[in-house]
Amino acid sequence: MTGQGRREDDSPSIEDRKVERTPLPKLQIFIAFLIQFAEPVTATVIYPFVNQFVRETGITGGDETKTGYYAGIVESTFFLSETLTVFAWGWLSDLLGRKPVLLVGPLGLSLAMLGFGLSTTFWPLVFFRACQGMFNGNIGVSKSVLAEITDSTNIADAYALTPIMWSSGATIGPTLGGVLSSPASRWPETFGRIPFFHHHPYFLPCAAAALIAFTSFFVSAIAMKETLPPSKRIKLNSLWRRDGNTAHDDETTPLLTDATSDHCATIAVVERAIPVAESEEERPPLSKLFVPSFVITVANYGLLAFVDMSVSALIPLVYSTPIEYGGLGMDPLKIGSIMGFFAIVNGTFSGLFLGSLVRRYGTLNIYRTGIFTFFIVIGLFPVGSALARRAGGIDAFVVSVVLVQFLSLVTMSPCYASMMLMVIENCPNKLLLGSANGAAQMVTSGARAVAPAFASSLFSVSIQHNLLGGYAVYYIFMALTVIVIQASRYLPSPPPAQATASQ
């Protein structure tokens with residue numbers, strides 16, 4: 001049955017949908033995830049050595065107190081530039097197609113990583129870090145591709161795998177940065193004999209991350225299929241054709257055709273879930289994207305990202321702070337081991353169970369339930385601190401608190417996949433899908449850029465001025481969690497098909 005035939009019979013029974021779940025297009029899913037995998041690797045590979053790199057540029061003038069300030073500029077530049085460019089990438093993908101935009105990203109990212117590793121002064125570091133964020137801005141386009149190569153029976157399974165990509169990349173990135181930095185001093189018998197690695201001690205980890213990004217570009221250039229129909233794309237060759245005729249057979253033949261034989265849903269499948277304009281040849285203006293249901297969804301997405309990123313910043317900060325100042329006094333090795341183990345558990349849980357949970361309970365129900373776990377995670381910070389002070393260190397009770405805290409974070413993680421799906425569900429027109437994902441990614445990237453500094457500053461102020469016993473930061477984030485929960489009440493209801501299927 002072709003995509004066209006499926007449109008004519010777009011009301012299959014619930015039983016059919018449950019039994020005849022469309023197989024995932026494995027190759028195309030792999031390519032989309034390979035592009036997504038490059039983002040966390042390139043974003044986190046610099047973390048183990050960025051402070052030392054900043055010191056060696058000479059920008060601090062030997063003042064150690066300025067290291068954190070300048071390192072913060074380098075790190076935050078990534079998310080700032082991503083925020084400023086991610087919407088433009090999504091908009092371009094609606095005009096030119098998904099594949100060309102996705103190819104530019106990893107290629108530019110690999111070059112920016114090489115430039116970062118070759119830098120010897122501070123401001124080139126900032127420039128190339130900004131370029132990394134800019135070329136990572138097309139991450140929202142890969143989410144549009146996932147929506148267009150799946151249908152209502154398997155889209156949850158595809159999005160359930162996205163946390164695994166971030167967890168894996170966020171684990172591998174710092175590992176590469178820590179192991180491969182300063183290779184001349186680490187392996188003097190090999191790299192130590194090459195003067196280049198003495199002058200550029202951080203080039204090797206950057207080159208390794210660049211290789212991952214370039215691999216995603218190379219594989220995508222060969223095997224990725226375009227998911228936006230030719231009739232919906234602007235044909236650049238029409239700008240210089242004298243006759244203006246751009247209708248060729250090869251240009252009007254979809255690259256994704258038979259959904260049954262290829263186990264890959266065509267764009268026609270997405271048309272059933274996302275409204276289409278009366279005239280399919282007419283592209284709606286960008287202003288049509290910002291209908292109330294979509295704006296409310298994206299606003300909720302931004303609130304989720306802000307609180308979640310704040311909690312993510314508080315965890316290593318609280319765990320590493322001395323016990324007498326309200327922390328747990330852990331060393332970096334313990335913190336890294338705990339967070340690494342959590343990343344593996346989180347990715348495994350999402351990959352195994354998230355798809356079936358979404359099909360059974362629906363995206364809205366999962367989101368509204370999951371955000372309540374913020375109360376547990378945030379509330380356990382002062383509990384763990386009090387227990388550590390009473391015991392004078394980390395005992396079995398403190399370990400239990402940490403375990404419950406991270407298990408709660410695992411149960412909260414499906415909120416992200418649910419929100420990604422709600423963005424797609426509430427996109428008012430399929431021709432604006434790339435812009436929709438770009439707008440959502442822009443809001444979340446902006447929230448992630450601001451949240452760590454906000455949370456860290458609140459924590460410091462609470463301790464320095466002993467506000468509410470040093471726990472004011474937790475009360476504030478409890479209040480923000482209430483706002484997130486209240487905002488979720490305004491989220492639009494899921495499409496009738498999903499609502500029925502989830503009952």
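Note that the coordinates shown come from a computational prediction; the quantities given were computed from them, not determined experimentally. (Residues numbered from 1 in each chain as written. Predicted model: local features only at pLDDT ≥ 70, side-chain atom pairs only at ≥ 80, totals over all residues. Heavy atoms only, no water.)

Q: Quick rundown of the overall build of the chain? Include the residues and the values.
A: When you go through the chain residue by residue, the secondary structure sums to 23 helices and 0 strands. Taking all 503 residues of the chain together, the buried fraction comes to 52%. Residue pairs in contact within the chain that sit at least 24 positions apart in sequence constitute 82% of those at least 6 positions apart. By element, 66% of the accessible surface of the chain is carried by carbon and sulfur atoms, the whole surface being about 22,400 Å². (Helix = DSSP H or I, 4+ residues; strand = E, 2+ residues; numbered from the N terminus. Buried < 20%, exposed > 50% of the residue type's maximum accessible area, 1.4 Å probe, protein only. Contact = heavy atoms within 4.5 Å. Areas by Shrake-Rupley, 256 points an atom, 1.4 Å probe, with all protein chains shown as cover.)

Q: Tell me about the pattern of salt bridges, and please be specific about residues and values.
A: Scanning the entire structure with this criterion turns up 3 salt bridges. The closest approach of N and O atoms between Asp 94 and Arg 98, which form a salt bridge, is 2.8 Å. Of the two residues, Asp 94 and Arg 98, both sit in the buried class. Glu 189 is the salt-bridge partner of Arg 193, the closest N and O atoms lying 3.2 Å from each other. We classify Arg 193 as exposed; its relative accessible area is 63%. On the accessibility criterion, Glu 189 (57% relative accessible area) is exposed. Each of the salt bridges in this network shares a partner with another, and the network as a whole consists of Asp 94, Arg 98 and Glu 148. (Salt bridge = Lys/Arg side-chain N within 4 Å of Asp/Glu carboxyl O.)

Q: Now, about the environment of Gly 302: what can you tell me, with residues and values included?
A: Here Gly 302 lies in helix α15 (residues 292-320). The buried category is assigned to Gly 302, whose relative accessible area is 9%. In this structure, the C-alpha to C-alpha distance between Gly 302 and Ala 440, residues 138 residues apart in sequence, is 7.7 Å. With sequence-adjacent residues up to four places away left out, Gly 302 is seen in contact with Val 443 and Ala 447.

Q: I'd like to hear about the packing of aromatic side chains, residue by residue, with values.
A: All told, the structure shown has 20 aromatic pairs when counted by the stated rule. For the pair Phe 372 and Phe 375, a centre-to-centre distance of 6.3 Å together with 45° between the ring planes defines the contact as tilted. A residue is classified by how much of its surface remains accessible, and Phe 372, at 45% relative accessible area, is partly exposed. Of the residues examined, Phe 375 reaches a relative accessible area of 28% and is grouped as partly exposed. Through pairs of rings, three or more aromatic residues link up here, namely Trp 187, Phe 191, Phe 196, Phe 197 and Phe 203. (Phe/Tyr/Trp six-rings, centres within 6.5 Å; stacked < 30°, edge-to-face > 60°.)

Q: Quick rundown of unusual backbone geometry? Include the residues and the values.
A: Unlike most non-glycine residues, Ser 182 shows phi in positive territory, near 50°. Looking at where Ser 182 falls in the secondary structure, it is placed in the loop between α10 (162-180) and α11 (183-186). Notably, Asn 466 is not glycine yet its phi reads approximately 50°, a positive angle. Summarising the element assignment, Asn 466 is placed in the loop between α21 (433-464) and α22 (472-488).

Q: Can you break down the environment of Leu 111 residue by residue, with the values?
A: You can see Leu 111 is positioned in helix α6 (residues 98-118). Accessibility expressed as a relative area gives 54% for Leu 111, which makes it exposed. Considering only alpha carbons, one finds Leu 111 and Phe 214, 103 residues apart in sequence, at a separation of 8.7 Å.

Q: Just give me the short version of empty space enclosed by the protein, but keep the residues and values in it.
A: Evaluation of the coordinates by the stated rule reveals 3 cavities of 30 Å³ or more. The computed volume of the largest cavity comes to approximately 50 Å³. Taken together, Ile 35, Ala 38, Glu 39, Gly 105, Pro 106, Leu 109, Phe 135, Asn 136, Asn 138 and Ile 139 make up the lining of the largest cavity. Here the second largest cavity defines a volume of roughly 40 Å³. Val 318, Tyr 319, Leu 328, Leu 380, Phe 381, Gly 384, Ser 385, Val 401, Val 402 and Gln 405 together form the lining of the second largest cavity. Those elements giving two or more residues to the lining of the second largest cavity turn out to be α15, α18 (373-391) and α19 (396-412). Considering every element that reaches the lining of the second largest cavity, the biggest residue donor is α18, with 4 residues. (1 Å grid on protein atoms, 1.4 Å probe; cavity = no way out; pocket = protein on both sides within 12 Å on 5 of 7 lines; lining within 4 Å. Points joined across faces, edges and corners; volume = space filled by probe spheres on them.)

Q: I'd like a description of the confidence of the model for the chain, backed by residues and values.
A: As a note on interpretation, predicted positions should not be read in detail where pLDDT is low. With 83% of its residues at a pLDDT of 70 or more, the chain shows a mean pLDDT of 78. Mean pLDDT values for the elements of the chain range from 39 in helix α14 (residues 267-273) up to 93 in helix α13 (residues 203-223). Below a pLDDT of 50 lies the segment residues 238-280, which in the model reaches 78 contacts outside its immediate sequence neighbourhood of four places, other chains included. Low pLDDT, under 50, characterises residues 498-503; the stretch is placed with 13 contacts to residues that sit more than four places away or in other chains. (pLDDT = per-residue confidence, 0-100.)

Q: Tell me about a nonpolar patch on the surface, and name the residues and values.
A: A contiguous nonpolar surface patch, about 500 Å² in accessible area, is contributed by Leu 107, Leu 111, Phe 214, Phe 218 and Ile 222. Secondary-structure elements contributing two or more residues to the nonpolar patch are α6 and α13. In terms of residues, the nonpolar patch owes the most to one element, α13, which gives 3 residues. Here Ile 222 is to be found in helix α13. Relative accessible area serves as the criterion here: at 61%, Ile 222 is assigned to the exposed category. (Patch = residues over 30% accessible without salt bridge, like charges linked within 9 Å, V, L, I, M, F, W, Y side chains within 5 Å.)

Q: Can you explain the packing of α21 against α22? Please cite residues and give values.
A: Angle between the axes and distance between the axes are the two parameters that describe a pair of packed helices. Where α21 meets α22, the closest approach of the two axes is 8 Å, and the angle between their N-to-C directions is 140°. Taken as axis vectors, α21 and α22 run oblique relative to one another. Seen from α21, the contacting residues are Phe 454, Ala 455, Leu 458, Phe 459 and Ser 462; seen from α22, they are Ala 472, Val 473, Tyr 474, Ile 476, Phe 477 and Leu 480. A class-by-class count of the residues in the contact of α21 with α22 yields 10 nonpolar, 1 polar and no charged. (Axes fitted to C-alpha atoms, helices over the stretch in contact; angles between N-to-C directions. Parallel < 35°, antiparallel > 145°, perpendicular 65-115°, else oblique. Nonpolar A, V, L, I, M, F, W, Y, C, P; charged D, E, K, R; others polar.)

Q: Which residues make up the packing of α6 against helix α7 (residues 122-135), and what are the values?
A: Look at α6 against α7: their axes get within 8 Å of each other, and the N-to-C directions meet at 165°. Judged by the inter-axis angle, α6 sits roughly antiparallel to α7. α7 is crossed by α6, and the crossing has left-handed handedness. Within the contact between the two elements, α6 uses Val 104, Gly 105, Gly 108, Leu 109, Ala 112, Met 113, Gly 115 and Phe 116 and α7 uses Leu 125, Phe 128, Arg 129, Cys 131, Gln 132 and Phe 135. In the contact of α6 with α7, the residues fall into 9 nonpolar, 4 polar and 1 charged. (Left-handed = near helix turned anticlockwise from the far one by under 90°.)

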